[in-house]
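# Survey of secondary and tertiary structure
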Amino acid sequence: DEDMTEEEQLKLAMQMSMEPNSPRPPKECPAMPDPPADDDASAIEVRIRLPGGKSITRRFNATDTIGDLHTYLKCESPITEEYKLMTPHPTTYYEDENVTLQDTKACQGSRAQFIVKCTPEGQA
């Protein structure tokens, strides 16, 4: 606001930054294909554990790729820093975006679990 002093603007900015639900700038989200139908036997329910312990879940096609998971995370998660996708047991990092979900060690029948591990800047 042009009528506010610099001190008032700073105070307002500090207050807004402390609010837990302050709006984030909109993310640029590439188009995602629709999830497979509920009766699609080849679908995989993917659970992704985010930093802080929260999880998000979505159904994907078995032929969808790690790249599709990255697109989903870009649009549907609060992650803003660099990260890697990994599986918990055995610990495996997935950096090749062309690997299909059915070819990952995360895929156990119709379910898969991944963990998002944030990486320090410059080590992604």
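Our subject in this report is the structure included herewith. Quantities reported herein were computed from a predicted structural model and do not represent experimental measurements.

## Digging into the overall build of the chain
- Looking only at helices and strands, the chain has 2 helices and 6 strands in total.
- Reading the secondary structure of the chain in the N-to-C direction produces α-β-β-α-β-β-β-β.
- Burial statistics for the chain: of 124 residues in total, 31% are counted as buried.
- Of the contacts made within the chain by residues no fewer than 6 positions apart, 60% connect residues no fewer than 24 positions apart.
- Within the structure as shown, the chain displays about 8700 Å² of accessible surface, and the carbon and sulfur contribution to it stands at 48%.

## Some thoughts on the environment of Asp34
- Topologically, Asp34 is positioned in the loop between helix 1 (6–18) and strand 1 (43–49).
- For Asp34, a relative accessible area of 67% corresponds to the exposed category.
- For the pair Asp34 and Arg59, spaced 25 residues apart in the sequence, the C-alpha separation amounts to 9.1 Å.

## A closer look at the pattern of salt bridges
- All chains considered together, the criterion is met by 3 salt bridges.
- The salt bridge partner of Lys84 is Glu95, with a shortest N-O separation of 3.6 Å. With a gap of 11 residues between them, Lys84 in strand 3 (residues 83–87) and Glu95 in the loop between strand 4 (92–94) and strand 5 (107–108) connect regions that are remote in the sequence.

## With respect to the packing of aromatic side chains
- One pass over the full model with this rule turns up 2 aromatic pairs.
- Relative to Tyr72, the ring of Phe60 lies with its centre 5.6 Å away and its plane at 85 degrees, an arrangement referred to as edge-to-face. In this pair, Phe60 sits in strand 2 (residues 55–61) while Tyr72 sits in helix 2 (residues 66–76), placing the two residues 12 residues apart along the sequence.
- Of the residues examined, Phe60 reaches a relative accessible area of 1% and is grouped as buried.
- Between Tyr94 and Phe114, the ring centres sit 5.8 Å apart and the planes meet at 75 degrees, which makes this aromatic pair edge-to-face. Of the two residues, Tyr94 is situated in strand 4 and Phe114 in strand 6 (residues 111–118); the sequence distance between them amounts to 20 residues.

## Looking at the pairing of strand 6
- For strand 1 and strand 6, the ladder comprises 5 bridges, and the chain directions are parallel. Across the sheet, residue Glu45 finds its bridge partner in strand 6, namely Arg111.
- As defined by bridge partners, strand 3 adjoins strand 6 across 4 bridges and the pair is classed as antiparallel. When the bridges of strand 6 are listed, Lys84 appears paired with Lys117.

## Quick word on the nonpolar core
- Core analysis: the largest hydrophobic core is formed by 21 residues, its most contacted members being Val46, Ile48, Leu69, Leu73, Leu85 and Phe114.
- Those elements that place two or more of their residues in this core are strand 1, strand 2, helix 2, strand 3 and strand 6.
- No other element matches helix 2, which puts 4 residues into this core.
- Residues in contact with Leu69, not counting those within four places in the same chain, are Val46, Ile48, Phe60, Leu85, Leu101 and Phe114.

Rules behind the numbers
- Residues numbered from 1 in each chain as written.
- Predicted model: local features only at pLDDT ≥ 70, side-chain atom pairs only at ≥ 80, totals over all residues.
- Heavy atoms only, no water.
- Helix = DSSP H or I, 4+ residues; strand = E, 2+ residues; numbered from the N terminus.
- Buried < 20%, exposed > 50% of the residue type's maximum accessible area, 1.4 Å probe, protein only.
- Contact = heavy atoms within 4.5 Å.
- Areas by Shrake-Rupley, 256 points an atom, 1.4 Å probe, with all protein chains shown as cover.
- Salt bridge = Lys/Arg side-chain N within 4 Å of Asp/Glu carboxyl O.
- Phe/Tyr/Trp six-rings, centres within 6.5 Å; stacked < 30°, edge-to-face > 60°.
- Pairing = 2+ DSSP bridges.
- Core = buried A, V, L, I, M, F, W, Y, C linked by side-chain atoms within 4.5 Å.

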